[in-house]
Amino acid sequence: DAKTTQPTSMDCAEGRAANLPCNHSTISGNEYVYWYRQIHSQGPQYIIHGLKNNETNEMASLIITEDRKSSTLILPHATLRDTAVYYCIVRVTQGGSEKLVFGKGMKLTVNP
Amino acid sequence: EPEVTQTPSHQVTQMGQEVILRCVPISNHLYFYWYRQILGQKVEFLVSFYNNEISEKSEIFDDQFSVERPDGSNFTLKIRSTKLEDSAMYFCASSLDRDYEQYFGPGTRLTVT
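None of these values were measured; they are calculated from a predicted model.

Trainee: It is not clear to me how the packing of aromatic side chains should be interpreted in this structure. Could you clarify?
Mentor: Aromatic ring pairs are defined here through the distance separating the ring centres and the angle between the ring planes. Residues and elements named next belong to chain A. A complete count under the given rule lists 15 aromatic pairs over all chains for this structure. With centroids separated by 5.1 Å and ring planes inclined at 90°, the aromatic side chains of Y87 and F102 adopt a geometry described as edge-to-face. Of this pair, Y87 sits in strand β8 (residues 84–92) while F102 sits in the loop between β8 and β9 (106–111); the two residues are 15 residues apart in sequence, bridging distant segments of the chain. Note on accessibility: Y87 and F102 belong to one class, buried.

In structure tokens form, the structure reads like this:
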């Protein structure tokens, strides 16, 4: 699976949009971009995933660049409860490994 | 909303003892996983399980570890003879099928003394 690069940390004001970047310049055509987060020491929480089109669900939006070498997770109105470590993971589906490979992630702190 | 549950939330055991960590995956999910996270470190994959057999395992998952689905709802991780370095958070996860997103439980904190 391709490697991802994320900033170590980011701050965001409560109520504002949080834009979390991720670089995956070696991504292959059959690799999806997944986002998970981990609040304190809880289990990782699935947020969203996509292949090449932008995706939106009740939690967030995922914007993938046209060349697929980077993506941005958008939390439209960040709350204090969104403070967590966010993981951008690239994963092959349809025949690839079943495991998720977690990096160090990016610590998002939402400030009041 | 269905969720993965794990018991116990915290387990303390002495070195050399056997421990069994329990998980109840989401009911219609077919793939089950164990991950662990040593304090301050990354989440690491241990094993995946499908159709009553191990589908994939990592180098961490040696002969001291085993998994089982003893009935239609539980999924267990057994560590035969615990070592100090087994102290970690252990997370169970499940997915609807192989290529679907994985949903994680709240974890079991294992402390080996």
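Now that the structure has been shown, the text picks up again.
Trainee: What is the right way to look at the nonpolar core in this model?
Mentor: Nonpolar side chains in soluble globular proteins tend to be buried together. Counting residues in hydrophobic clusters, the biggest one holds 22 residues, and the most contacted among them are L20(A), W35(A), L73(A), Y86(A) and L108(A). Mapped onto this core, the elements with two or more residues apiece are β2 (18–23), β3 (31–38), β4 (45–50), β6 (61–64), β7 (70–75), β8 and β9 of chain A. Here this core gets four residues from one element, more than from any other, and that element is β8(A). Grouped together as the second largest cluster of nonpolar side chains are 21 residues, V4(B), F32(B), F75(B) and L110(B) included.

Trainee: Would you mind going over the side chain of S71(A) with me for this structure?
Mentor: All names here are of chain A. Mapping S71 onto the fold places it in strand β7. Under the relative-accessibility criterion, S71 is labelled buried at 2%. A polar atom in the side chain of S71 sits 2.9 Å from the side chain of H24.

Trainee: What is the right way to read the sheet that holds strand β7 (residues 65–68) of chain B from this model?
Mentor: Sheet strands pair by backbone hydrogen bonding; their relative direction is either parallel or antiparallel. Residues and elements named next belong to chain B. Across the sheet, which stays open at both edges, the four strands sit in the order β1-β3-β8-β7 with antiparallel pairing between neighbours. The open sheet has two edge strands, β1 (5–7) and β7, and neither has a second partner. Ignoring strand direction, the axes of neighbouring strands in this sheet form an average angle of 20°. When strand β3 (residues 19–24) meets strand β8 (residues 75–79), the two strands line up antiparallel, connected through five bridges. Bridge assignment links L21 to a residue of β8, and that residue is L77.

The rules we used
Residues numbered from 1 in each chain as written. Chains lettered and ligands numbered in written order. Predicted model: local features only at pLDDT ≥ 70, side-chain atom pairs only at ≥ 80, totals over all residues. Heavy atoms only, no water. Phe/Tyr/Trp six-rings, centres within 6.5 Å; stacked < 30°, edge-to-face > 60°. Helix = DSSP H or I, 4+ residues; strand = E, 2+ residues; numbered from the N terminus. Buried < 20%, exposed > 50% of the residue type's maximum accessible area, 1.4 Å probe, protein only. Core = buried A, V, L, I, M, F, W, Y, C linked by side-chain atoms within 4.5 Å. Polar contact = N/O pair within 3.5 Å; in protein donor to acceptor, adjacent residues only side chain to side chain. Pairing = 2+ DSSP bridges. Axes fitted to C-alpha atoms, helices over the stretch in contact; angles between N-to-C directions.

Geometric values such as these leave the question of function open.
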